[in-house]
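Structural features, examined
As a plain string of letters, each chain reads:
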Amino acid sequence: MKRTEKEEAKKDGAKPVKNSGRGVKKGDAVMNKFMLDYKHNEKTFTLTHKFWKKISKDAWNNNYKYPCISVVMGKDSETKVAIIDWEVFKELIEGSEYE
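Our subject in this report is the structure included herewith. (Residues numbered from 1 in each chain as written. Predicted model: local features only at pLDDT ≥ 70, side-chain atom pairs only at ≥ 80, totals over all residues. Heavy atoms only, no water.)

Points about helix H2 (residues 49–61)
- In this model H2 runs 18 Å from its N-terminal to its C-terminal C-alpha over 13 residues, within 8% of the 18 Å that 1.5 Å per residue would give.
- Of all the positions in H2, only Trp-52, Ile-55, Asp-58 and Ala-59 are classed as buried. For H2, the angular spread of buried residues about the axis comes to 130°, placing them on one side. Across from the buried face of H2, at angles greater than 90 degrees, the exposed residues are His-49, Lys-50, Lys-57 and Trp-60.
- In this fold, the buried residues of H2 make contact with strand S3 (34–41), strand S4 (66–73) and strand S5 (80–83).
- In the segment just after H2, Asn-63 is the residue with positive phi, at about 65°. (Helix = DSSP H or I, 4+ residues; strand = E, 2+ residues; numbered from the N terminus. Expected span 1.5 Å × (residues − 1). Buried < 20%, exposed > 50% of the residue type's maximum accessible area, 1.4 Å probe, protein only. Arc of directions from axis to C-beta. Contact = heavy atoms within 4.5 Å.)

Observations concerning the sheet that holds strand S1 (residues 15–16)
- On the basis of which strands lie adjacent, the open sheet formed by five strands has the order S1-S2-S3-S4-S5 and mixed pairing. Unpaired on one side and paired on the other, S1 and S5 mark the two borders of the sheet.
- By the bridge criterion, three bridges tie strand S2 (residues 29–31) to S3 in an arrangement that is antiparallel. Across the sheet, Met-31 pairs through a bridge with Phe-34, a residue of S3. (Pairing = 2+ DSSP bridges.)

Notes on the pairing of S4
- Of all eight residues that make up S4, seven are buried, and the element is covered over most of its length.
- Sheet topology places S3 next to S4; eight bridges connect them, and they run parallel. The residue bridging Leu-36 from the neighbouring strand is Cys-68, located in S4.
- What joins S3 to S4 is H2, and the crossover it makes is right-handed.
- Joining the antiparallel neighbours S4 and S5 is a turn of six residues, in which Gly-74 adopts a positive phi near 105°. (Right-handed = clockwise from strand over helix to strand, strands pointing away.)

This is the structure we're talking about:
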């Protein structure tokens, strides 16, 4: 069974956004400096430039610095990936063991 956005947020240790972003605050959850948008897909996921620009703007307007799309791949799956801006990715690996 597909987990709800609230269940995903709890599992991730993130704070759910009331009404899942349909109010003044956007996004499904907040985790540190990231605004999270959860997507559940059984087979495929499509990311458009228009959607990325929208969540980037929403994150900026809601005082969150970085947008993040959390994609759960497959029904009842534990496989999850995060989509973040390339510059943020480079900042995260700088000075880490992955550098």
